[in-house]
Amino acid sequence: MAGSDQINLSESKRVVPLNTWILMSNFKLAYNLLRRPDGTFNRHLAEFLDRKVPANVNPVDGVFSFDIVIDRTINLLSRIYRPAAKETEGGAPLSTSIAQLEKPVSTSDVVPVIIFFHGGSFAHSSANSAIYDILCRRLVGLCNAVVVSVNYRRAPENPYPSAYDDGWTALEWVNSRPWLQSKDSKVHIFLAGDSSGGNIVHQVALRAVKSEIQVLGNILLNPMFGGKTRTESEKRLDSRYFVTIQDRDWYWKAFLPEGEDRDHPACNPFGPKGASLEGIKFPKSLVVVAGLDLIQDWQLAYADGLKRAGHEVKLLYLEKATIGFYLLPNNDHFHTVMDEIHNFVTPIPDCE
Amino acid sequence: MGPHDSSISAAAGSTSSSSSACSTSTKPPQPPDQMDHLLAGAGYKVRSNDLHQVAERLQRLETVMVKSSPVEISELVNDAVHYNPTDLASWVDSLLTELNTNPPLSVPVPTDLSDPNAFPANINMYANHAPQVHGEFSQQVVAPFEEDVSIQLVHVLMTCAEAVQRGDLSLAGLLIDDLQALLGRVNSGCGIGKVGSFFVDALSRRIVNSPENAVHADLSAYENEILYHHYYEACPYLKFAHFTANQAILEAFDGQDCVHVIDFNLMQGLQWPALIQALALRPGGPPLLRLTGIGPPSPDGRDSLREIGLKLAELARSVNVRFAFRGVAASRLDDVKPWMLQVSPKEAIAVNSIMQLHRLLGPNSSRGPPIDLVLDWIRDLNPRILMVVEQESNHNQPEFLDRFTEALYYYSTMFDSLDVCTAQPEKALAELYIQREICNVVCCEGPVRVERHEPLVRWRDRLINAGFAPLHLGSNAFKQARMLLTLFSAEGYSVEENEGCLTLGWHSRPLIAASAWQAIPKPSTTIGPINHP
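Reference entry: report on the structure contained in this document. (Residues numbered from 1 in each chain as written. Chains lettered and ligands numbered in written order. Predicted model: local features only at pLDDT ≥ 70, side-chain atom pairs only at ≥ 80, totals over all residues. Heavy atoms only, no water.)

In this section: the overall build of chain B. In terms of helices and strands, chain B carries 16 helices and ten strands. Counting every position in chain B, which comprises 533 residues, the buried fraction comes to 55%. Within chain B, residue pairs in contact and separated by at least 24 positions form 76% of the contacts whose partners lie at least 6 positions apart. When the accessible surface of chain B is summed, it comes to about 22,600 Å², and 53% of that surface belongs to carbon and sulfur atoms. (Helix = DSSP H or I, 4+ residues; strand = E, 2+ residues; numbered from the N terminus. Buried < 20%, exposed > 50% of the residue type's maximum accessible area, 1.4 Å probe, protein only. Contact = heavy atoms within 4.5 Å. Areas by Shrake-Rupley, 256 points an atom, 1.4 Å probe, with all protein chains shown as cover.)

This part covers the overall build of chain A. When you go through chain A residue by residue, the secondary structure sums to eleven helices and eight strands. Against the globule reference of 20 Å for 352 residues, chain A gives a C-alpha radius of gyration of 20 Å, in line with a compact fold. With the principal axes as the frame, chain A shows a C-alpha extent of 65 × 45 × 40 Å. Put simply, chain A has 352 residues, and 64% of those count as buried. Expressed as a percentage of contacts within chain A between residues at least 6 apart in sequence, the contacts between residues at least 24 apart total 73%. Surface exposure of chain A reaches about 12,800 Å², of which carbon and sulfur atoms provide 50%. In chain A, the 37 positive side-chain charges and the 40 negative ones have mean positions that sit 3 Å from each other. (Rg over C-alpha atoms; globule rule 2.2 N^0.38 Å. Lys, Arg positive; Asp, Glu negative; His and termini not counted. Charge placed at Lys NZ, Arg CZ, Asp CG, Glu CD.)

Residues and elements named next belong to chain A. Of note, Ser195 is situated in the loop between strand E5 (188-194) and helix H7 (196-209). Since its relative accessible area comes to 14%, Ser195 is described here as buried. If we skip the residues at most four places from it in the chain, Ser195 touches Gly119, Gly120, Ser121, Leu221, Asn222, Pro223 and Met224.

Residue and element names in this part refer to chain A. The terminal C-alpha atoms of H7, which comprises 14 residues, lie 20 Å apart, in line with the 20 Å expected from a rise of 1.5 Å per residue. Of all the 14 residues making up H7, eleven are buried; the element is thus mostly covered by neighbouring parts of the structure. Turning to H7, its buried residues are Ser196, Gly197, Gly198, Asn199, Ile200, Val201, His202, Gln203, Val204, Ala205 and Ala208. Buried residues belonging to H7 abut strand E3 (112-117), helix H6 (162-175), E5, strand E6 (215-221), helix H9 (245-255) and helix H10 (296-308). (Expected span 1.5 Å × (residues − 1).)

Two aromatic rings are characterised by how far apart their centres lie and by the angle between their planes. Tallying each qualifying case throughout the model produces 29 aromatic pairs over all chains. An angle of 85° between the planes, with centres 6.1 Å apart, marks the rings of Tyr160(A) and Phe255(A) as edge-to-face. Taken together, the residues span a long stretch of sequence, with Tyr160(A) in the loop between strand E4 (146-150) and H6 and Phe255(A) in helix H9 at a distance of 95 residues. Note on Phe199(B) and Phe404(B): the rings are 5.5 Å apart at their centroids and 85° apart in plane angle, and the pair reads as edge-to-face. Remark: Phe404(B) occurs in helix H13 (residues 400-418) and Phe199(B) occurs in helix H7 (residues 191-208); sequence separation between them is 205 residues. Accessibility expressed as a relative area gives 1% for Phe404(B), which makes it buried. Three or more aromatic residues link up through ring pairs in this structure, and these residues are Phe122(A), Tyr160(A), Tyr164(A), Trp252(A) and Phe255(A). Between the NZ or CZ atom of Lys13(A) and the centre of the ring of Trp21(A), over which it lies, the distance is 5.4 Å. The ring of Tyr232(B) carries Lys239(B) above its face, with NZ or CZ at 5.0 Å from the centroid. (Phe/Tyr/Trp six-rings, centres within 6.5 Å; stacked < 30°, edge-to-face > 60°. Lys NZ or Arg CZ within 6 Å of the ring centre and 35° of its normal.)

The next thing to look at is the environment of Leu33(A). Residue and element names in this part refer to chain A. Here Leu33 shows up in helix H2 (residues 18-34). In this structure Leu33 comes out as buried when scored by relative accessible area, which is 3%. For the pair Leu33 and Ala163, spaced 130 residues apart in sequence, the C-alpha to C-alpha distance is 23 Å.

Next up on the list: the nonpolar core. Grouped burial of nonpolar side chains is what soluble globular proteins tend to show. In terms of nonpolar packing, the biggest core is built from 244 residues, with Ile22(A), Leu171(A), Leu191(A), Phe199(B) and Tyr237(B) touching the most fellow members. It is H13(B) that contributes the most residues to this core, eleven residues altogether. Aside from chain neighbours lying at most four places away, what touches Leu171(A) is Ile115(A), Ile189(A), Leu191(A), Val204(A), Ala208(A), Ile213(A) and Val215(A). By size, the runner-up hydrophobic cluster in this structure holds 28 residues, among which are Ile262(B), Trp377(B), Leu386(B) and Ile464(B). (Core = buried A, V, L, I, M, F, W, Y, C linked by side-chain atoms within 4.5 Å.)

A few words now on the environment of Ala170(A). Residues and elements named next belong to chain A. Assignment of secondary structure puts Ala170 in helix H6. Spatially, the C-alpha atoms of Ala170 and Ser149 are 9.1 Å apart, while their sequence positions differ by 21 residues. Apart from the residues within four sequence positions on either side, Ala170 is in contact with Ile70, Ile115 and Val150.

Here the bond from Tyr160(A) into Pro161(A) is cis, since omega is 0°, no more than 30 degrees from zero. Following the sequence through the fold, Pro161(A) ends up in the loop between E4 and H6. With omega at 5°, the peptide bond leading from Gln424(B) into Pro425(B) counts as cis. Among the secondary structure elements, Pro425(B) is positioned in the loop between H13 and helix H14 (426-443). Residues other than glycine seldom take positive phi values, yet Ser121(A) does so here, at roughly 55°. Along the chain, the position of Ser121(A) falls in the loop between E3 and helix H5 (130-143). Backbone geometry places Ser239(A), a non-glycine residue, at a positive phi of 60°. Assignment of secondary structure puts Ser239(A) in the loop between helix H8 (232-237) and H9. Under the relative-accessibility criterion, Ser239(A) is labelled partly exposed at 29%.

Another aspect to go through is the pattern of salt bridges. Taken as a whole, this structure holds 44 salt bridges over all chains when the rule is applied. A salt bridge links Lys52(A) to Asp50(A), with the nearest nitrogen and oxygen atoms 3.1 Å apart. There is no split in this pair, since Lys52(A) and Asp50(A) are both buried. Between Arg290(B) and Glu347(B) there is a salt bridge, and its shortest N-O distance comes to 2.7 Å. (Salt bridge = Lys/Arg side-chain N within 4 Å of Asp/Glu carboxyl O.)

It is worth spelling out the pairing of E5(A) at this point. Residue and element names in this part refer to chain A. Counting buried positions over the seven residues of E5 gives seven, a clear majority of the element. The alternating pattern of E5 places His188, Phe190, Ala192 and Asp194 on one face and Ile189, Leu191 and Gly193 on the opposite face, and all of these are buried. In this sheet, E5 lies alongside E3 in parallel orientation, the contact comprising six bridges. Looking at the pairing, Pro112 lines up with His188 of E5. With six bridges joining them, E5 and E6 adopt parallel strand pairing. Across the sheet, residue Phe190 finds its bridge partner in E6, namely Gly217. In the classification by handedness, the crossover that spans E5, the intervening H7 and the parallel E6 is right-handed. (Pairing = 2+ DSSP bridges. Right-handed = clockwise from strand over helix to strand, strands pointing away.)

Written out as structure tokens, the structure is:
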């Protein structure tokens, strides 16, 4: 096995920039230490190792952020990112920001609000993790949007359905904020997420279908799906690009209810236990799949399932991309995806 | 590597195409200290020139981990202490060492002692090179207020503070009336209503009295102690400070037979019973412990320092720890002269400063900036550890409005955290304790303004420039701090690791920062590398 491991290590090094390789390998090795064979998780060490950044009411590169507790009963925090005002009102930029924390987003425009769910396979990371703070800040400028990053409860301490419940709480909260409304007195909501966050996007959008809340679009970056069978891509790509089948299994076991297998609809929405999505008003989806991600067969099946149910799907398949390619702006896939997200979210005038 | 450019047209300049990755060989050589900008944004400091070495070490670590048994891995996790994950190279090396592999390649580090920024190899030298991703100190807000009235209250508070800064006291006075009216409409029992009323009160005092002559109804030492004690009980900030400090001091005293703790503010000595007990239980037996407690002179003839000392001596005797106490009465730390502390060269010294150093940031005395004076004599003591705990906020900005704004958010968050405490009178008296701090920040100027809090990033710079090097607080201290917090039923407190320092905050907003330091001996006439044990 040692020989093939060496091959794997050099192979993954060839397909990503060096600093990305370091970042992903660091996560991989650190996460190996955190997952215990008995299914428990070393949360203390995880929080110690996670690099976090504070919110900042002072604009940095045109974006400021602040944290809000959106549900006190469970201490559900969200980080709000907003574009800074272009003109200052004679005072220091600082005072302007403070007055604008909850100033209405716009009375003259349509400003999208992107509810973002960070990745981490349901167990890792937080809304204030550095890698996700960067990504959310980028989305603000890219889409001229407000981004709400939800600090959902994580497995294994809080398994299914906690993350979904928190996503739903966030959606209801966002939808009911007067200051997040656009010129038409409606909140223009998009859902976005990577890895487990992508999975949460699907579930929250599904729940929204039965409600009054309209979700304008779903953005799923390398979403986390799976199933009982081993697909061809899982077998072919196991341990080659930072991820193993074994670790995927561990995270599903940690998240799914006791006794359930990976055909549970949370993991496998279009599998044998999944409900039909036909005939419901489901939002359009942008599904981004990395060609070197071992769970791509599940992700492609998801996109396919949406299509067959009659829903609008834009599938972006990036043949040479690995997981995490969107974390650092040092590769072409990154720029391609940012472009697509911009087009997906930006309202096209006169085409309502 | 220049600033990263996220626009699409940068594809031509990006460092990789979709099929190959390592184009770093085509980049011009970087200045030696240049950090990889992208990794820095993600929270990791790796020098651009070291990327290949770090990658190689990661590969080696993975190979070793694959070969290790589950038992070895779980030992690695449970027993090993991790430090400063931001310094990725060191973290990887520490894991490699734990797994007993070949010693890692050492990254060449400048040891030129004439360079004030140079440090011996085993001390984190990145502290001075922090790429400021978010500016010097990000102003953090956990917004506790949502209803319209609360927002109005904040808005008028800001406008009033601005009027005060401009010197327009008549407008400020009118705004105070508006504020009183708003306070009547807001729930003043909690949240912004509670803290808002303290800020309105502070502002109106400032308008009425000239800030340089601000007179607080000075509490007696006894009353002060009562407030302090209830603040200690009602929320975990002081406990965290004591706990984290004791942990670090204990480690610094490892193997030492004669130890001397110098406490910059003895108060009721609440920190020391735990340390005495921990030393009593030390494998190999306790050392001889000397404690020097500094505190203000007692006006009413009591020698309160001595009284505390006697109580602690009693405790030490009961657990068989040889103990000696000395009280040093001083109204200001810069009145303390090193000879008063009577340190002996045989002792290992720990200097313990819990929320005291910021008081030295006031106007210069005839002898120069008080903080420089004190840091200088601390350094002369050559302590094994200087423990610094400070409020994590910038309440010392030159502009009044900036200070006011920052304080409003800081204390809102702190009051928010107090809300979960239901015990009375602990909570009410703790609030009074905090109110006095708020008053000092808002009402006072000049030497009377002693609550000159500054954030960790500034203390780091200050201490490094004063000749101290960081001692990192590790995952063991972190874990124990987190476990301490579970004793408080409130889930909302968060401990975070910040480049070797620990912070305690409410939700995602750090409020208290703890850091440990050791003195770099002043250069003597012989130049040579310093060996640290």
